[in-house]
Every structure is written in structure tokens, then in C-alpha cells.
Amino acid sequence: MASFRIEFARSATKDLRGIDRQWIPVMVAAIEALANDPRPVGCKKLVGSEHTYRIRVGDYRVVYDIKREELVVFVIRVRHRRDVYR
């Protein structure tokens, strides 16, 4: 299976800057792991969207689209679970 490329929306990059420093390495590792397996165990498909998924990293959520034809995982949001869907 081919490896996916990870791309970030500007909003996701901004979200990462606001995350508690202790979570940054864990978050980066979880996002990088999506390149090898864009649908890891525990990922959830978001209702109402065909290609949008989320993974849980502690109290945070990473929301992303999978663009299969381009082999891209496009990270949309990285936020605390209480704020991610607002």
C-alpha cells in the first residue's frame, strides 16, 4: 500500500500552535502515523461527509479528509474535544 502525504489546512496549523506543549509530540506522531494508515483503529467517520474522519489523541481531536486519488491526508482541525465541532 502506498504511503499518503500529510497536508495541513491553515486553520489546523493555527490550532496546533494553541495546543498545550506537552501534547505536541504525541499529536505530531499520531498525525504522521496517518500517512501509513489513514483509517487507524478507533477512527470515526463524520456523519454527513463522505471522506472526513476524526481520531482521538487524549482530550484532543484531529479532523481530516482522505483524498484517495491524490494519496493525501488533509488535516482540517486539531482542537480540544469540547471545541472541535464549533
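Fair warning: this is a prediction, and the values are worked out from it, not measured in the lab. (Residues numbered from 1 in each chain as written. Predicted model: local features only at pLDDT ≥ 70, side-chain atom pairs only at ≥ 80, totals over all residues. Heavy atoms only, no water.)

Undergrad: Can you help me understand the nonpolar core in this one?
TA: Among soluble globular proteins, nonpolar side chains are generally buried collectively. Counting residues in hydrophobic clusters, the biggest one holds 19 residues, and the most contacted among them are Met27, Ile55, Val62, Tyr64 and Val78. Aside from chain neighbours lying at most four places away, what touches valine 78 is Ala12, Asp15, Leu16, Ile19, Met27, Ile31, Arg61 and Val62. (Core = buried A, V, L, I, M, F, W, Y, C linked by side-chain atoms within 4.5 Å. Buried < 20%, exposed > 50% of the residue type's maximum accessible area, 1.4 Å probe, protein only. Contact = heavy atoms within 4.5 Å.)

Undergrad: Help me out: how do you make sense of the sheet that holds strand β4 (residues 60-67) in this one?
TA: For sheets, the rule is that strands pair by backbone hydrogen bonds, running either parallel or antiparallel. Here we have five strands laid out as an open sheet, ordered β1-β5-β4-β3-β2, and mixed in their pairing. The sheet is open, and its two borders are formed by β1 (5-8) and β2 (44-45), each paired with just one other strand. Seen against the sheet, helix α2 (residues 24-33) touches β1, β3 (52-57), β4 and β5 (72-80) and runs at an angle of roughly 145° to β3. (Pairing = 2+ DSSP bridges. Helix = DSSP H or I, 4+ residues; strand = E, 2+ residues; numbered from the N terminus. Axes fitted to C-alpha atoms, helices over the stretch in contact; angles between N-to-C directions.)

Undergrad: Just to check I follow, could you spell out the pattern of salt bridges for this structure?
TA: Scanning all chains against the criterion turns up five salt bridges. Here glutamate 7 makes a salt bridge to arginine 5, at a shortest N to O gap of 2.5 Å. One salt bridge connects arginine 77 with aspartate 15, and the closest N-O pair in it is separated by 3.4 Å. Taken together, the positions of arginine 77 in strand β5 and aspartate 15 in helix α1 (residues 10-17) put the pair 62 residues apart, joining distant regions of the chain. (Salt bridge = Lys/Arg side-chain N within 4 Å of Asp/Glu carboxyl O.)

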